[in-house]
Amino acid sequence: MSTLLESIERIRREVCDLHAELTRYGLVVWTAGNVSGRVPGYDLMVIKPSGVSYDDLTPDLMVVTDLYGIPVSAASNGGGGDIIEWGNPALSPSSDTAAHAYVYRNMPDVGGVVHTHSTYATAWAARGEDIPCVLTMMGDEFGGPIPTGPFALIGDDSIGKGIVETLRNSNSPAVLMQNHGPFTIGKDARSAVKAAVMCEEVARTVHVSRQLGEPLPIDPGQIESLYDRYQNVYGR
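Residues numbered from 1 in each chain as written. Predicted model: local features only at pLDDT ≥ 70, side-chain atom pairs only at ≥ 80, totals over all residues. Heavy atoms only, no water.

Student: I'm lost on the pairing of strand β6 (residues 112-115) in this one. Help?
Tutor: Within a regular strand, the side chains alternate between the two sheet faces. Here β6 shows no split at all, with Gly 112 and Val 114 on one side and Val 113 and His 115 on the other all buried. Relative to β6, strand β1 (residues 34-39) is paired through four bridges, and the arrangement is antiparallel. Paired with Gly 37 across the bridge in β6 is Gly 112. Relative to strand β9 (residues 181-186), β6 runs antiparallel, the two being bridged by four bridges. (Buried < 20%, exposed > 50% of the residue type's maximum accessible area, 1.4 Å probe, protein only. Helix = DSSP H or I, 4+ residues; strand = E, 2+ residues; numbered from the N terminus. Pairing = 2+ DSSP bridges.)

Student: Help me out: how do you make sense of the packing of helix α2 (residues 97-106) against helix α5 (residues 158-167) in this one?
Tutor: A pair of packed helices can be characterised by two numbers: the angle between their axes and the separation between those axes. Packing of α2 against α5 brings their axes to within 7 Å, and their N-to-C directions diverge by 40°. Looking at the two axes, α2 sits oblique to α5. Considering only the axes of α2 and α5, their crossing is right-handed. Along the contact surface, α2 presents Ala 99, Tyr 102, Val 103 and Asn 106, while α5 presents Ile 159, Gly 160, Lys 161, Ile 163 and Val 164. A breakdown of the residues in the contact of α2 with α5 according to their chemical character gives six nonpolar, two polar and one charged. (Axes fitted to C-alpha atoms, helices over the stretch in contact; angles between N-to-C directions. Parallel < 35°, antiparallel > 145°, perpendicular 65-115°, else oblique. Left-handed = near helix turned anticlockwise from the far one by under 90°. Contact = heavy atoms within 4.5 Å. Nonpolar A, V, L, I, M, F, W, Y, C, P; charged D, E, K, R; others polar.)

Student: Please explain the nonpolar core as it appears in this structure.
Tutor: Soluble globular proteins: nonpolar side chains tend toward being buried together. If you look at the biggest cluster of nonpolar residues, it comprises 27 residues, and the most contacted ones within it are Leu 22, Val 35, Val 46, Val 114 and Val 193. Contributions of two or more residues to this core are made by α1 (4-24), β1, β2 (44-47) and α6 (189-212). Ranked by residue count, the leading element in this core is α1, at eight residues. Aside from chain neighbours lying at most four places away, what touches Val 193 is Leu 18, Glu 21, Leu 22, Val 35 and Val 114. (Core = buried A, V, L, I, M, F, W, Y, C linked by side-chain atoms within 4.5 Å.)

Student: What should I look at first to understand unusual backbone geometry in this one?
Tutor: Keep in mind that most residues, glycine aside, have a negative phi and that most peptide bonds are trans. One non-glycine residue with positive phi stands out, namely Trp 30, at about 55°. Along the chain, Trp 30 turns up in the loop between α1 and β1. A positive phi is found at Asn 179, a non-glycine position, where the angle reads about 65°. Within the fold, Asn 179 resides in the loop between β8 (174-177) and β9.

Student: Please explain the sheet that holds β9 as it appears in this structure.
Tutor: In a beta sheet, neighbouring strands pair by backbone hydrogen bonds and run either parallel or antiparallel. Strand order in this open sheet of seven strands is β3-β2-β1-β6-β9-β8-β7, and the pairing throughout is mixed. The sheet is open, and its two borders are formed by β3 (63-66) and β7 (148-149), each paired with just one other strand. Relative to β8, β7 runs parallel, the two sharing two bridges. Residue pairing in the sheet places Thr 148 in a bridge with Leu 176 of β8.

Student: Is there a simple way to explain helix α3 (residues 119-127) in this structure?
Tutor: Helical periodicity: at 3.6 residues per turn, an α-helix aligns residues three or four positions apart in one direction. Of all the residues in α3, the buried ones are Ala 121, Thr 122, Trp 124 and Ala 125. Mapping the buried residues of α3 onto a view down its axis gives an arc of 155°, with all of them on the same face. The inward-facing, buried residues of α3 contact β8, β9 and α6. Positive backbone phi, at 65°, marks Gly 128, one or two positions downstream of α3. (Arc of directions from axis to C-beta.)

Student: What exactly am I supposed to notice about the layout of surface pockets here?
Tutor: The probe, sized like a water molecule, is rolled over the atoms to show the empty space still left. Here the largest pocket defines a volume of roughly 570 Å³. Around the largest pocket, the lining is made up of 20 residues, and of these Glu 141, Pro 173, Lys 187, Ser 191 and Gln 231 lie nearest the centre. Put simply, the parts of the chain that give the lining of the largest pocket at least two residues each are α4 (136-142), β9, α6 and α7 (220-232). Of the residues belonging to the lining of the largest pocket, the class tally is nine nonpolar, six polar and five charged. (1 Å grid on protein atoms, 1.4 Å probe; cavity = no way out; pocket = protein on both sides within 12 Å on 5 of 7 lines; lining within 4 Å. Points joined across faces, edges and corners; volume = space filled by probe spheres on them.)

Student: Is there a simple way to explain the pattern of salt bridges in this structure?
Tutor: Note on pairing: side chains with opposite charge can pair once their charged atoms come close. A complete count under the given rule lists eight salt bridges for this structure. Among the ionic pairs, Arg 105 bridges to Asp 157, the shortest N-O distance being 3.3 Å. One end of the pair, Arg 105, is in helix α2; the other, Asp 157, is in the loop between β7 and α5, and 52 residues separate them in sequence. The salt bridge partner of Arg 127 is Glu 129, with a shortest N-O separation of 3.1 Å. (Salt bridge = Lys/Arg side-chain N within 4 Å of Asp/Glu carboxyl O.)

Student: I would appreciate a short explanation of the environment of Pro 49 in the present structure.
Tutor: In this fold, Pro 49 is placed in the loop between β2 and β3. For Pro 49, a relative accessible area of 0% translates into the label buried. Sequence spacing of Pro 49 and Gly 26 is 23 residues, and the spatial spacing of their C-alpha atoms is 20 Å. Here Pro 49 is in contact with Leu 57, Leu 61, Met 62, Val 63, Leu 91, Ser 92, Pro 93 and Ser 94, once residues within four sequence places are set aside.

Printed below as a string of structure tokens:
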């Protein structure tokens, strides 16, 4: 069984590496956007530091916080009571930390959260419009439309509450927060990043389709079948 410190270091490496996927797929610009990961078995999470360039991110710069977004800088190594320091106390966690932390507190099965301002998904968010499920890929990945969450400002739990309220009764791992952008969740940070990539892809494709005409809807029963197969059979 991994110790707390081993778990933290593993999640810090994973979260750091996954930020490169956001730039690889063109989901972020400058320092906007973030990935976080829950530390399994502990009320802790790891998230990107605020205002640090993606090119400069390293595992040791990832910030560890509790599930209220309060930074944690040391822990016992579990062998003799020694206290081991980690992190850079000069760095603050992402400005979206409160939203991520609220999701972890209220959705215990979620192990990763991602926020981007990817162009097409954010354009749908700016309209406050759900992305309709008109692609089999959407049936597979999202089990229906990608829903829109309420308008909320950064600074407290408001965004997190909107995410939880919107996704709690939805198959979708993605929500378009109105006038803000997409947030995605997953069983771990990698799954949440995949959801962010797929969210932008379908947002772009459905937008292009609407320029050509009205997309054809998929029967809800077929969507349910697609989702069940992809989630429970495909790749196994």
